[in-house]
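Chain by chain, the residues:
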Amino acid sequence: MVVYVSPAELNGGILQFSTSIARETKALTDCRLFLPDVVEESLYRDIADCVVPYVKAKTLKGNSKEILCVAEQIMSLLPDVVIFTEDSILMQQLNKILNQNAVRTAMVVHDVQHHPYRKMGARRILVDVLRRRMTRKTIKCTDKIILLSANSEEAFRKEYGAKNTVVFRLPAHVPETVPQKPPEIGDEEKNFFLFFGRIDKYKGIDTLCRAYSALAEDLKAKTRLIIAGKGQLSEEESRLIQSECRITSIIRFITDSEMVWLFQNAVSVIMPYTEASQSGVLPIAYKFGKPVVVSNLRGLTENVIEEKTGYVFRSVEELSEILRRFNSADFSVSETAISEYYQKNFLWKNNLEVLLKLLCVRIRNES
């Protein structure tokens, strides 16, 4: 049996990753997913039979009764391995207890360094410092550290001197749902450039807006730009968006149905980030057969074959030229190449089988 443990309380990337990996694991072997008891059941109803709600500790003390209770619940299941879906302080405390009781564990690290968030309060900085200190000890008492890209693995090994790492390429999280157009989008807005994801300081939205605004008016009339995601724009980003009538911004939580509609109707998905360990948006774009345009960051470019699955830019001018090419005769990206790349690198079943075998988990019906 595989046990997954997630600290995520809200419907965000970590919770989606946790429920997706448990959902896919069910087809391969027995599993359980421990989630905080405040998570809405509607977010995991289809796998409710393998979800174990737990009371999340409200303290950073590693010997709190809540943490000890969860550890006892996990150990009672006699798991082959326990996989923590995030490297939070709580998850690392649980890892220590389980290791002391001879339980094999692995831990997913999503970001080696925290992103340069727009809002990074003193408490968040302190918690991050404590987490990084704990990580140096956790490396020695866990079987594997799971990174989500070759870029992250290289950075983690350099930062911590770790050798017990493995790469699990992050597959696409695409729920089965009926597509629904966001109400902010008019009937004429189809075949658009799309920025999708959390809005924050490191996402490079100002670069994207400047590059798009530099296009000729006839090109902008053919292909509008949609920026969709929850977060907060800077004053400069807001000004750039407001000054360009062909940019539509949807700055709020995007439902699953709306997300599917946006990817289905996009010409290309743009990732103008200034920093990236890897991207969960990129495999979603590929799953829908959409080419990507990414900034020149290893965490992004390692999954782009230039002029086959997407383009890489290094300046505002290069990005603007790439956007122009989408409406020109020399556009060369292939939907077939995108599909082949996705099938080879981002299938949940294939990637999970490799990971679980590395963790010595027997796959059901394995020949």
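In case you missed it, the structure is sitting above this.
Model, not experiment: these values are computed from the prediction. (Residues numbered from 1 in each chain as written. Predicted model: local features only at pLDDT ≥ 70, side-chain atom pairs only at ≥ 80, totals over all residues. Heavy atoms only, no water.)

A word on the side chain of Ser295
To be explicit about the condition: For the purposes of this entry, the term helix denotes a DSSP run of H or I that reaches at least four residues, the term strand denotes a run of E that reaches at least two, and both are numbered from the N terminus. Here, residues are in contact when the closest pair of their heavy atoms is within 4.5 Å.
Tracing the chain through its elements places Ser295 in strand E12 (residues 292-295). Among all residues touching Ser295, those that are not within four sequence positions of it are Met271, Pro272, Tyr273, Leu300, Thr301, Val312 and Phe313.

Some points on the pairing of strand E1 (residues 2-5)
As a reminder of what qualifies: Only protein chains enter the accessibility calculation, which uses a 1.4 Å probe; a residue whose area is less than 20% of its type maximum is buried, one above 50% is exposed, and one in between is partly exposed. For a crossover, the right-handed case is the one in which the path from the first strand over the helix to the second runs clockwise, viewed with the strands pointing away from the viewer. Whether two strands pair depends on DSSP finding at least two bridges between them.
Of the two faces of E1, both are covered, the one formed by Val2 and Tyr4 as well as the one formed by Val3 and Val5. Once you follow E1 into helix H1 (residues 13-25) and on to strand E2 (residues 31-36), the crossover reads as right-handed. Where E1 lies against strand E4 (residues 81-84), 4 bridges are found, and the strand directions are parallel. When the bridges of E4 are listed, Val2 appears paired with Val81.

Focus on the sheet that holds strand E8 (residues 192-196)
Spelled out, the test is: To define axes, lines are fitted to C-alpha atoms, for helices over the stretch in contact only, and angles between the resulting N-to-C directions are given on a 0 to 180 degree scale.
One open sheet accounts for 6 strands, arranged E10-E9-E8-E11-E12-E13; its pairing is parallel. Edge strands, defined here as strands with exactly one partner in the open sheet, are strand E10 (247-250) and strand E13 (310-313). The sheet shows a mean angle of 20° between the axes of neighbouring strands, direction not considered. Bridge count between E8 and strand E11 (residues 266-271): 3 bridges; the pairing is parallel. Looking at the pairing, Leu194 lines up with Val269 of E11.

Quick look at the packing of helix H2 (residues 65-76) against helix H3 (residues 89-100)
Let me state the cut-off plainly: Each angle receives one of four descriptions, namely roughly parallel if under 35 degrees, roughly antiparallel if over 145, roughly perpendicular if within 65 to 115, and oblique otherwise. The hand of a helix crossing depends on one turn: near helix anticlockwise from the far one by less than a right angle means left-handed, and clockwise means right-handed. Note on residue categories: nonpolar means Ala, Val, Leu, Ile, Met, Phe, Trp, Tyr, Cys or Pro, charged means Asp, Glu, Lys or Arg, and polar means any other residue, Gly included.
At a minimum axis distance of 10 Å, the contact between H2 and H3 shows a crossing angle of 55°. Here H2 lies oblique to H3, going by the angle between them. Crossing of H2 against H3: the hand is right-handed. Note on element contacts: H3 touches H2 through Leu90, Gln93, Leu94, Ile97 and Leu98, opposite Ile67, Leu68, Val70, Ala71, Ile74 and Met75. For the contact of H2 with H3, the per-class residue count stands at 10 nonpolar, 1 polar and no charged.

Things to note about a nonpolar patch on the surface
Quick reminder of the rule: Surface patches are drawn from residues lacking salt bridges whose relative accessible area is over 30%; two like charges belong together within 9 Å, two nonpolar side chains (Val, Leu, Ile, Met, Phe, Trp, Tyr) within 5 Å. Reported accessibility uses the Shrake-Rupley method at a 1.4 Å probe radius. Residues are deemed covered only where the shown protein chains occlude them. The working definition used for a salt bridge is a side-chain nitrogen of Lys or Arg within 4 Å of a carboxyl oxygen of Asp or Glu.
Residues Leu60, Leu126 and Leu130 make up a contiguous nonpolar surface patch of roughly 260 Å² in combined accessible area. Along the polypeptide, Leu126 turns up in helix H4 (residues 122-138).

Brief notes about the sheet that holds strand E6 (residues 144-147)
If you walk across this open sheet you meet the 7 strands as E3-E2-E1-E4-E5-E6-E7, and the pairing is parallel. The open sheet has two free edges, formed respectively by strand E3 (51-54) and strand E7 (165-167), since each of these has just one partner strand. This sheet shows a mean twist of 25° between the axes of neighbouring strands, independent of strand direction. Across the sheet, helix H5 (residues 150-160) is in contact with strand E5 (105-109), E6 and E7; its angle to E7 comes to roughly 165°.

Concerning unusual backbone geometry
Backbone geometry follows two general trends: most residues other than glycine have a negative phi, and most peptide bonds adopt the trans configuration. The backbone phi angle of Leu78 is positive, close to 50°, even though this residue is not glycine. With respect to the helices and strands, Leu78 occurs in the loop between H2 and E4. For Cys360, which is not glycine, the phi torsion reads 65° and is therefore positive. Residue class for Cys360 comes out exposed when judged on its relative accessible area of 58%.

Digging into the nonpolar core
As a reminder, the rule being used: Only buried residues count toward a nonpolar core, which is a set of Ala, Val, Leu, Ile, Met, Phe, Trp, Tyr and Cys residues joined through side-chain atoms within 4.5 Å.
Counting residues in each nonpolar core, the largest one holds 59 residues, and the members touching the most others are Leu194, Phe196, Ile227, Leu262, Phe263, Met271 and Tyr286. Each residue touching Leu194, except ones within four places of it in the same chain, is listed here: Ile226, Leu262, Phe263, Ala266, Ser268, Val269 and Ile270.

Remarks on helix H9 (residues 256-265)
Counting buried residues in H9 gives 8 out of 10 residues, a clear majority hidden from the surface. Close packing links the buried residues of H9 with E8, strand E9 (225-228), E11 and helix H10 (281-287).

Describing the packing of aromatic side chains
Our working rule: Planes of paired rings set the category: under 30 degrees apart is stacked, over 60 is edge-to-face and the rest tilted, where pairs are Phe, Tyr or Trp rings (Trp by its six-membered ring) whose centres lie within 6.5 Å. We call a charge positioned over a ring when the NZ of a Lys or the CZ of an Arg lies within 6 Å of the ring centre and within 35 degrees of the ring normal.
Inspection of every chain in the model, using the stated rule, returns 13 aromatic pairs. Seen in terms of ring centroids, Phe192 and Trp261 are 5.8 Å apart; in terms of plane orientation they differ by 25°. Their pairing is stacked. You can see Phe192 sitting in strand E8 and its partner Trp261 sitting in helix H9, a full 69 residues away along the chain. Among the aromatic residues, those joined into a ring-pair cluster are Phe193, Tyr212, Tyr311 and Phe326. The side chain of Lys203 reaches across the aromatic face of Tyr273, ending 5.2 Å from its centre.

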